[in-house]
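Each chain is listed here by its residues.
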Amino acid sequence: MEKFIPVVVIKELAEVDKILPALKANGINCAEITFRTACAKDAIKLACEKYSDMSIGAGTVINKAQCEDALEAGAEFIVSPGLSVDVAKLCKEKNIPYYPGCVTPTEIMQALELGITILKFFPANVYGGLSALKALSAPFPQVRFIPTGGVDRSNIDEFLAFDKIAAIGGSFFVKESLERMENNNG
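The shown structure was predicted, so the numbers you read here are calculated from the model rather than taken from an experiment.

Conventions adopted
- Residues numbered from 1 in each chain as written.
- Predicted model: local features only at pLDDT ≥ 70, side-chain atom pairs only at ≥ 80, totals over all residues.
- Heavy atoms only, no water.
- Helix = DSSP H or I, 4+ residues; strand = E, 2+ residues; numbered from the N terminus.
- Buried < 20%, exposed > 50% of the residue type's maximum accessible area, 1.4 Å probe, protein only.
- Contact = heavy atoms within 4.5 Å.
- Arc of directions from axis to C-beta.
- 1 Å grid on protein atoms, 1.4 Å probe; cavity = no way out; pocket = protein on both sides within 12 Å on 5 of 7 lines; lining within 4 Å.
- Points joined across faces, edges and corners; volume = space filled by probe spheres on them.
- Nonpolar A, V, L, I, M, F, W, Y, C, P; charged D, E, K, R; others polar.

Draft legend 1. Broad picture of the environment of alanine 43. Note on placement: alanine 43 falls in helix α2 (residues 40-50). Residue classification places alanine 43 among the buried residues on the basis of a relative accessible area of 0%. In this structure, the C-alpha to C-alpha distance between alanine 43 and glutamate 93, residues 50 residues apart in sequence, is 24 Å. Ignoring sequence-local partners within four residues, the contact set of alanine 43 consists of Ile10, Leu13, Val16 and Ile33.

Draft legend 2. Layout of helix α1 (residues 16-25). If you check which residues of α1 are buried, you get Val16, Ile19, Leu20, Ala22 and Leu23. Taken down its axis, α1 places every buried residue within 160° of arc, on the same side. The inward-facing, buried residues of α1 abut β1 (4-8), β2 (30-34), α2, β3 (55-59) and α8 (172-185). Count one or two residues on from α1 and you reach glycine 27, which has phi positive near 80°.

Draft legend 3. Representation of the layout of surface pockets in the model. Space inside the largest pocket adds up to approximately 230 Å³. Around the largest pocket, the lining comprises 13 residues; the ones closest to its centre are Lys92, Ile96, Tyr98, Gly115 and Ile116. Sorting the residues of the lining of the largest pocket by element identifies α4 (85-94) and β5 (98-99) as the ones contributing at least two each. Ranked by residue count, the leading element in the lining of the largest pocket is α4, at three residues. Considered class by class, the residues forming the lining of the largest pocket number nine nonpolar, three polar and one charged. Quantified by volume, the second largest pocket comes out at close to 190 Å³. Of all the secondary-structure elements, those providing two or more residues to the lining of the second largest pocket are β1, α1 and α8. When grouped by side-chain class, the residues that make up the lining of the second largest pocket number six nonpolar, one polar and three charged.

Next comes the structure, spelled out in structure tokens:
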């Protein structure tokens, strides 16, 4: 698993060839392309075809139909803002990693019952950030988290220092990568 998972919103397909090279130039070889736009499935398919050296996943997957579309497009992992049992079962059946959003002990227990031990913690800043993750890790030592939402350059090192962090998710990676690329080309 990559340590950084950029949350990528593609509004038009041409953005794939702008954002993914910027991420790569910034040393990030992963992209979670969200199902927030009409072209998400096509963007994932294009990204998987053109950037096969990157780990391309689908984010904001909230139901089985979206998961089926993402897997058909070639997604290598699935991320949800919450936990969907249908998505979890499909991913398990297809042997695809699934990272559901879980922030309460009840949600974490449900994920564990489904065999999932790496969980998205979203929105991290709203649900208590690092102190909440440390508290939740005590009763759930087998769980590792992907905090997303409210993690940025000001606090990323604190999160990365905690051994229960599997990766960091966020859209700020995209913004930084695009700015760096523009500055280098300007």
